[in-house]
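Listed below, chain by chain, are the residues.
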Amino acid sequence: QVQLVESGGGLVQPGGSLRLSCAASTSIFRFYNMDWYRQAPGKEREFVARITSGGLTNHADSVKGRFAISRDNAKNTVFLQMNSLKPEDTAVYYCHAESRVYYANSWGKGTLVTVSS
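A short tour of the structure in this document, coming up. (Residues numbered from 1 in each chain as written. Predicted model: local features only at pLDDT ≥ 70, side-chain atom pairs only at ≥ 80, totals over all residues. Heavy atoms only, no water.)

### What about the pairing of strand 3 (residues 18-24)?
- For strand 3, the buried fraction is high: five of the seven residues fall into the buried class.
- Relative to strand 3, strand 1 (residues 4-7) runs antiparallel, the two sharing four bridges. By the bridge assignment for strand 3, Leu4 is matched with Ala24.
- Relative to strand 8 (residues 77-82), strand 3 is paired through six bridges, and the arrangement is antiparallel. Along strand 8, the bridge assignment pairs Cys22 with Val78. (Buried < 20%, exposed > 50% of the residue type's maximum accessible area, 1.4 Å probe, protein only. Helix = DSSP H or I, 4+ residues; strand = E, 2+ residues; numbered from the N terminus. Pairing = 2+ DSSP bridges.)

Below, the structure is given as C-alpha coordinates:
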(Lines give C-alpha, C1' and ligand atoms only; values in the text may rest on other atoms or scores of the structure.)
Protein backbone atom coordinates (compact mmCIF):
# COMPACT_ATOMS: atom_id res chain seq x y z
CA GLN A 1 0.00 0.00 0.00
CA VAL A 2 1.67 3.22 1.16
CA GLN A 3 5.19 3.21 2.59
CA LEU A 4 5.94 5.63 5.44
CA VAL A 5 9.47 6.51 6.58
CA GLU A 6 10.02 8.54 9.75
CA SER A 7 13.16 10.56 10.44
CA GLY A 8 14.45 13.25 12.79
CA GLY A 9 14.57 11.36 16.07
CA GLY A 10 17.55 11.40 18.38
CA LEU A 11 18.85 12.50 21.77
CA VAL A 12 17.83 15.93 23.06
CA GLN A 13 18.08 17.70 26.43
CA PRO A 14 14.98 18.60 28.46
CA GLY A 15 13.57 21.88 27.20
CA GLY A 16 15.00 21.31 23.75
CA SER A 17 13.31 20.86 20.38
CA LEU A 18 13.14 18.33 17.56
CA ARG A 19 11.25 18.15 14.28
CA LEU A 20 10.15 14.73 13.08
CA SER A 21 9.38 14.05 9.43
CA CYS A 22 7.37 11.30 7.77
CA ALA A 23 7.78 10.81 4.02
CA ALA A 24 5.00 8.94 2.17
CA SER A 25 5.31 7.02 -1.10
CA THR A 26 1.72 7.46 -2.26
CA SER A 27 0.73 9.74 -5.12
CA ILE A 28 -2.56 10.54 -3.37
CA PHE A 29 -0.99 11.77 -0.13
CA ARG A 30 -3.16 14.90 -0.17
CA PHE A 31 -6.29 12.78 0.37
CA TYR A 32 -4.96 10.98 3.48
CA ASN A 33 -5.49 11.77 7.13
CA MET A 34 -2.11 11.65 8.88
CA ASP A 35 -1.34 10.88 12.52
CA TRP A 36 1.55 10.66 14.95
CA TYR A 37 1.50 8.07 17.74
CA ARG A 38 4.15 7.18 20.31
CA GLN A 39 5.02 4.22 22.50
CA ALA A 40 7.24 4.33 25.58
CA PRO A 41 8.80 1.18 27.09
CA GLY A 42 6.18 -0.82 29.00
CA LYS A 43 3.37 1.47 27.84
CA GLU A 44 0.52 1.25 25.33
CA ARG A 45 0.82 3.07 22.05
CA GLU A 46 -0.85 6.46 22.45
CA PHE A 47 -2.23 9.11 20.13
CA VAL A 48 -0.18 12.29 19.77
CA ALA A 49 -1.62 14.36 16.91
CA ARG A 50 -3.74 14.23 13.74
CA ILE A 51 -3.94 16.39 10.64
CA THR A 52 -6.79 15.65 8.23
CA SER A 53 -6.71 15.81 4.44
CA GLY A 54 -8.43 19.19 4.81
CA GLY A 55 -5.78 20.52 7.17
CA LEU A 56 -7.70 20.32 10.46
CA THR A 57 -5.53 19.40 13.46
CA ASN A 58 -5.92 18.09 16.96
CA HIS A 59 -3.33 17.23 19.61
CA ALA A 60 -3.33 15.09 22.72
CA ASP A 61 -3.67 17.04 25.97
CA SER A 62 -0.23 15.85 27.08
CA VAL A 63 1.45 17.66 24.16
CA LYS A 64 -0.95 20.54 23.48
CA GLY A 65 0.89 23.84 23.37
CA ARG A 66 4.26 22.12 22.92
CA PHE A 67 3.89 19.99 19.78
CA ALA A 68 2.47 20.98 16.39
CA ILE A 69 1.58 18.72 13.47
CA SER A 70 1.74 20.06 9.92
CA ARG A 71 1.92 18.78 6.34
CA ASP A 72 3.44 19.71 3.00
CA ASN A 73 1.41 18.04 0.26
CA ALA A 74 3.87 19.10 -2.44
CA LYS A 75 6.54 17.04 -0.65
CA ASN A 76 4.26 14.17 0.48
CA THR A 77 5.49 14.77 4.02
CA VAL A 78 3.97 15.26 7.47
CA PHE A 79 5.90 16.91 10.30
CA LEU A 80 5.79 16.98 14.08
CA GLN A 81 7.46 20.01 15.64
CA MET A 82 8.29 19.21 19.27
CA ASN A 83 9.24 22.02 21.65
CA SER A 84 9.83 22.18 25.41
CA LEU A 85 10.59 18.47 25.46
CA LYS A 86 10.31 16.55 28.72
CA PRO A 87 11.79 13.19 29.78
CA GLU A 88 8.23 11.80 29.69
CA ASP A 89 8.22 12.41 25.91
CA THR A 90 10.84 9.68 25.46
CA ALA A 91 9.31 7.10 23.13
CA VAL A 92 9.32 5.59 19.67
CA TYR A 93 7.26 7.89 17.46
CA TYR A 94 5.20 6.33 14.66
CA CYS A 95 3.65 7.88 11.57
CA HIS A 96 0.21 6.64 10.46
CA ALA A 97 -1.75 7.17 7.24
CA GLU A 98 -5.51 6.60 7.07
CA SER A 99 -8.23 6.92 4.46
CA ARG A 100 -11.63 5.24 4.43
CA VAL A 101 -12.17 6.41 0.86
CA TYR A 102 -8.97 4.74 -0.40
CA TYR A 103 -8.93 1.90 2.17
CA ALA A 104 -5.58 3.01 3.54
CA ASN A 105 -4.29 2.11 7.00
CA SER A 106 -0.49 2.09 7.11
CA TRP A 107 2.22 2.50 9.76
CA GLY A 108 5.85 3.51 9.59
CA LYS A 109 8.56 1.64 11.48
CA GLY A 110 9.11 4.46 13.97
CA THR A 111 11.87 6.81 15.06
CA LEU A 112 13.28 6.95 18.61
CA VAL A 113 13.19 10.19 20.59
CA THR A 114 15.18 10.26 23.84
CA VAL A 115 14.89 13.28 26.14
CA SER A 116 17.65 13.20 28.74
CA SER A 117 20.42 15.27 30.30
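### Regarding the packing of aromatic side chains
- Applying the stated criterion across every chain yields a total of three aromatic pairs.
- Geometrically, the ring pair formed by Phe31 and Tyr102 is tilted, given 5.7 Å between the ring centres and 35° between the ring planes. One end of the pair, Phe31, is in the loop between strand 3 and strand 4 (33-39); the other, Tyr102, is in the loop between strand 9 (91-99) and strand 10 (104-107), and 71 residues separate them in sequence.
- A residue is classified by how much of its surface remains accessible, and Tyr102, at 37% relative accessible area, is partly exposed.
- With 5.1 Å between their ring centres and 65° between their planes, Tyr37 and Trp107 make a pair best called edge-to-face. One end of the pair, Tyr37, is in strand 4; the other, Trp107, is in strand 10, with 70 residues separating them in the sequence.
- The class for Trp107 is partly exposed, based on a relative accessible area of 37%.
- Among the aromatic residues, those joined into a ring-pair cluster are Tyr37, Phe47 and Trp107.
- In this arrangement the basic side chain of Arg45 is found over the ring face of Tyr94, its NZ or CZ atom lying 3.8 Å from the centre. (Phe/Tyr/Trp six-rings, centres within 6.5 Å; stacked < 30°, edge-to-face > 60°. Lys NZ or Arg CZ within 6 Å of the ring centre and 35° of its normal.)

### Examining the sheet that holds strand 3
- In space, the four strands of this open sheet follow the order 1-3-8-7, with antiparallel pairing throughout. Because the sheet does not close on itself, it has two edges, and the strands there are strand 1 and strand 7 (67-72). Shown here is a sheet whose adjacent strand axes are inclined to one another by a mean of 15°, direction ignored.
- Pairing geometry for strand 7 and strand 8, over six bridges, is antiparallel. The residue of strand 8 that forms the bridge with Ser70 is Phe79. (Axes fitted to C-alpha atoms, helices over the stretch in contact; angles between N-to-C directions.)

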